[in-house]
Amino acid sequence: ESENILGYFVNVERIPNSCHHPPNHISLKDRKILVNLSMAYYRVNISAYNEAGESPPAIYIVPEFSATDLPGQIHVKSQGPNAVVTWTPEYNPKCFVVDWGTGKEDMHMKIISTTAGNFTLDNFQPYKLYKIMVHASDVCQCESFTRHEKTFGVIHFYSVEGVPRTGPANVTVLNITKHSALVKWTEIAIEDRLGFLQGYRISYTDSSTKKSPAVTLNSSITSYHLTGLKEKTTYRVQISGFTNAGEGPLTLSQPFSTPKYGTVEPLCICITQHES
């Protein structure tokens with residue numbers, strides 16, 4: 001029925017929107033629109049209309065942007081259930097608009113005058129990862145933020161860090177030879193970290209001597225090549241993650257055995273024929 005469409009209504013709504021005003025209502029004929037948005041969360045409702053009326057809206061949530069090349073830096077210091085936020089601006093807008101929460105379904109919004117050197121955010125719970133976004137605006141009327149605000153800085157924050165509640169998942173041992181093996185795993189899920197993950201510790205126990213050397217790796221690594229192993233020996237591998245608060249539980253023991261003989265390299269025999 002597209003030939004009967006007269007145009008489209010587009011509503012761009014900020015999440016959250018403490019101003020309590022209706023979202024920007026845009027009417028257009030084309031099937032595309034360019035809007036300049038900050039890095040806050042937004043909901044876009046698009047509906048078509050004709051002489052008979054308006055269609056139900058299609059709803060689109062603007063995905064998160066990666067925080068790169070932002071003009072300012074945000075600093076956060078925990079103060080019990082609250083957080084004191086300061087910033088290093090490169091310019092002085094008339095006001096800041098602040099969003100904070102654990103995700104788009106749990107965000108709060110606050111308007112801050114730049115005359116204050118810092119501000120306090122409240123209701124932070126321990127062991128939860130929060131996102132704090134500070135946006136700058138030179139137009140401080142509430143209904144103008146969607147059109148005029150620009151993201152100043154973004155930071156992630158735990159009011160209290162804990163140790164990971166689990167170790168990494170899917171621990172496997174591959175490419176086993178007489179003296180080496182490759183250990184792989186899946187990173188600890190963000191909701192199970194309870195703090196900023198600093199790295200992993202791998203311990204591998206020799207069944208004959210019961211010695212358990214440990215290797216510490218940074219959090220971006222999800223595989224490690226064990227070397228210096230003894231032939232014809234059973235080992236058990238366990239991995240844990242750690243934050244600034246300490247080390248989490250070890251994974252279940254993952255056994256593997258090294259062979260007595262190394263891997264056999266393929267031998268190529270080349271025969272050349274000479275003419276007499």
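Thresholds, definitions, all that
Residues numbered from 1 in each chain as written. Predicted model: local features only at pLDDT ≥ 70, side-chain atom pairs only at ≥ 80, totals over all residues. Heavy atoms only, no water. UniProt positions renumbered as here; feature names shortened; annotations may be inferred. Buried < 20%, exposed > 50% of the residue type's maximum accessible area, 1.4 Å probe, protein only. Helix = DSSP H or I, 4+ residues; strand = E, 2+ residues; numbered from the N terminus. Pairing = 2+ DSSP bridges. Axes fitted to C-alpha atoms, helices over the stretch in contact; angles between N-to-C directions. Salt bridge = Lys/Arg side-chain N within 4 Å of Asp/Glu carboxyl O.

The protein carries the name SDK2 protein in an unreviewed UniProt entry, which gives Toxostoma redivivum as its organism. In its Sequence similarities (unreviewed entry) section, the UniProt entry covering the protein states "Belongs to the type I cytokine receptor family. Type 2 subfamily." The UniProt entry for the protein carries this comment under Subcellular location (unreviewed entry): "Cell membrane".

Before going further, it helps to spend a moment on the pairing of strand S10 (residues 118–121). Here S10 shows a buried face lined by Phe-119 and Leu-121 and an unburied face lined by Asn-118 and Thr-120. Taken together, the four bridges between strand S7 (residues 82–88) and S10 define a ladder with antiparallel strand orientation. In the sheet register, Val-84 faces S10, and the bridge partner there is Thr-120.

A separate point is the sheet that holds strand S12 (residues 150–157). Read from one edge of the open sheet, four strands run S9-S8-S11-S12, paired in antiparallel fashion. A single partner strand is all that each edge strand has here, and the edge strands are strand S9 (106–113) and S12. Strand-to-strand twist in this sheet, taken as the mean axis angle between neighbours without regard to direction, amounts to 20°. Pairing of strand S8 (residues 95–103) with strand S11 (residues 130–137), which is carried by seven bridges, proceeds in the antiparallel orientation. Bridge pairing links Gly-101 to Lys-131 in S11.

Here the focus is the pattern of salt bridges. Counted by the stated rule, this structure contains eight salt bridges. Glu-13 serves as the salt-bridge partner of Arg-43, at 3.3 Å between the closest nitrogen and oxygen. One end of the pair, Arg-43, is in strand S3 (residues 41–50); the other, Glu-13, is in strand S1 (residues 7–15), and 30 residues separate them in sequence. Relative accessible area serves as the criterion here: at 27%, Arg-43 is assigned to the partly exposed category. Given the relative accessible area of 24%, Glu-13 is considered partly exposed. Arg-201 is the salt-bridge partner of Glu-247, the closest N and O atoms lying 3.3 Å from each other. Of this pair, Glu-247 sits in strand S19 (residues 246–247) while Arg-201 sits in strand S15 (residues 199–206), and the two are 46 residues apart along the sequence. We classify Arg-201 as partly exposed; its relative accessible area is 28%. Each member of the salt-bridge network shares a partner with another, and the members are Arg-14, Asp-99 and Glu-149.

Take unusual backbone geometry next. In this structure, the amide linkage connecting Ile-15 to the following residue, Pro-16, adopts the cis form with an omega of -5°. With respect to the helices and strands, Pro-16 occurs in the loop between S1 and strand S2 (24–28). We note that Tyr-127 has phi near 70°; this positive angle belongs to a residue other than glycine. Among the secondary structure elements, Tyr-127 is positioned in the loop between S10 and S11. Overall, Tyr-127 belongs to the partly exposed group, its relative accessible area being 42%. Unusually for a residue other than glycine, Asn-170 sits at a positive phi of about 55°. With respect to the helices and strands, the residue Asn-170 is situated in strand S13 (residues 169–174).

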